[in-house]
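# What the coordinates show
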Amino acid sequence: MRNLELYRDSNHLCVLLHETEGNEEEGIHSNQYLILHREEGVLLDPGGFGVMPDVLEAMLDYCMPEQIKAIILSHQDPDIVGGLASWLEITQAQVWISRLCTRFIPHYGLPPKAVERLIAIPDEGARFTWNDGTELELLPAHFLHSEGNFHVYDPTSQTRARTPCAFEPTV
């Protein structure tokens, strides 16, 4: 298990957290990412309940939970959303998920107040914007993995997350 930094400059970091080898992980392999911009973080697809402690430990190499401003979920599957209740307990983050996928969130045992932190991404996509105007683009990728699926493009690092959530250079 290791963290894999995909991009780093003085203000911006894009890292694959807790990358595992195929034989290290039981069940479905998932990828969790942290984008840290000027001390504010965004988690992408933070993973299921079983990987949450390892992902948290990996994230702590870069930031504290209170620095996480948003959690962006590409789709509703348990390997992506299963640990969300734990993340909501330790962060004050908004949760961005497809408008279509919001109907699945109650099935993850989240407290009623958690629904107030949901941001429903419209079908045509959206942008997450940090305080200094830097953005992440949430691009519709409907049916490439599941109904309501989204990819995340980070113009600063020129990487994109796609399902299965692998960042690729877009040069």
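For the structure itself, consult the block above.
Residues numbered from 1 in each chain as written. Predicted model: local features only at pLDDT ≥ 70, side-chain atom pairs only at ≥ 80, totals over all residues. Heavy atoms only, no water.

## Some remarks on the overall build of the chain
Under the convention used in this document: Helix and strand definitions follow DSSP, with helices as H or I runs of at least four residues and strands as E runs of at least two, each counted in order from the N terminus. The buried label goes to any residue with under 20% of its type's maximum accessible area, the exposed label to any with over 50%, and the partly exposed label to all in between, with areas taken from a 1.4 Å probe on protein chains only. Any two residues whose heavy atoms approach within 4.5 Å at even a single point are treated as in contact. Every accessible area reported is derived by Shrake-Rupley at a probe size of 1.4 Å, with residue values counting cover from the shown protein chains alone.
Check the secondary structure of the chain and you find three helices and twelve strands. Expressed as a percentage of its 171 residues, the buried residues of the chain come to 51%. Residue pairs at least 24 apart in sequence account for 52% of intrachain contacts in the chain once pairs closer than 6 positions are excluded. Accessible surface for the chain amounts to roughly 8,400 Å². Of this, 52% is attributable to carbon and sulfur atoms.

## What about the nonpolar core?
When a protein is soluble and globular, its nonpolar side chains tend to lie buried together. Test applied: We call a set of buried residues a nonpolar core when its members are Ala, Val, Leu, Ile, Met, Phe, Trp, Tyr or Cys and they connect through side-chain atoms within 4.5 Å of each other.
Counting residues in hydrophobic clusters, the biggest one holds 30 residues, and the most contacted among them are Leu-17, Leu-34, Met-59, Ile-71 and Leu-84. Where this core is concerned, the elements lending two or more residues are strand 2 (12-19), strand 3 (32-37), helix 1 (52-59), strand 5 (68-72), helix 2 (78-81), helix 3 (84-90) and strand 6 (94-98). If one sorts the elements of this core by residue count, helix 1 sits on top with five residues. Setting aside its immediate chain neighbours within four residues, Leu-84 contacts Ile-71, Leu-73, Val-95, Ile-105 and Leu-110.

## So, unusual backbone geometry
Positive phi, close to 45°, is recorded for Arg-38, a residue that is not glycine. Its place among the elements puts Arg-38 in the loop between strand 3 and strand 4 (40-44).

## Examining the packing of aromatic side chains
Which entries qualify depends on this criterion: For Phe, Tyr and Trp, rings pair up if their centres lie within 6.5 Å, where Trp contributes its six-membered ring, and each pair is then called stacked (planes under 30 degrees apart), edge-to-face (over 60) or tilted (otherwise).
One pass over the full model with this rule turns up two aromatic pairs. Pairing Phe-128 with Trp-130 gives two aromatic rings, centres 5.1 Å apart and planes at 90°, and the pair type is edge-to-face. Trp-130 matches Phe-128 in its accessibility class, with the two residues each being buried. An aromatic cluster is present here, built from Trp-96, Phe-128 and Trp-130 joined pairwise through their rings.

## Quick word on the side chain of Arg-117
Operational definition: Positive charges come from Lys and Arg, negative ones from Asp and Glu, while His and the chain ends are left out of the count. Salt bridge, as applied in this entry: a Lys or Arg side-chain nitrogen positioned within 4 Å of an Asp or Glu carboxyl oxygen. N or O atoms closer than or at 3.5 Å make up a polar contact, with two conditions inside protein: a donor-capable atom paired with an acceptor-capable one, and, for residues adjacent in sequence, both atoms drawn from side chains.
Summarising the element assignment, Arg-117 is placed in the loop between strand 6 and strand 7 (118-121). Of the side chains with opposite charge, Glu-116 comes closest to the buried, unpaired Arg-117, at an N-O distance of 8.2 Å. A polar contact is formed between the side chain of Arg-117 and the backbone oxygen of Thr-91, at a distance of 2.7 Å. With sequence-adjacent residues up to four places away left out, Arg-117 is seen in contact with Leu-88, Thr-91, Gln-92, Ala-93, Gln-94 and Val-95.

## Section: the pairing of strand 9 (residues 135-140)
Which entries qualify depends on this criterion: Pairs of strands are assigned from DSSP output, requiring at least two bridges between the strands.
Summarising the sheet, strand 8 (residues 126-129) and strand 9 pair through four bridges and their orientation is antiparallel. Across the sheet, residue Phe-128 finds its bridge partner in strand 9, namely Leu-136. Pairing analysis gives four bridges linking strand 9 to strand 10 (residues 150-154), with the strands arranged antiparallel. In the strand pairing of strand 10, Leu-139 is matched with His-151.

## Observations regarding the side chain of His-37
Counting through the fold element by element, His-37 comes out in strand 3. Given a relative accessible area of 5%, His-37 falls into the buried group. For His-37, the contacting residues outside a window of four places in its chain are Asn-11, His-12, Trp-130, Asp-132 and Thr-134.

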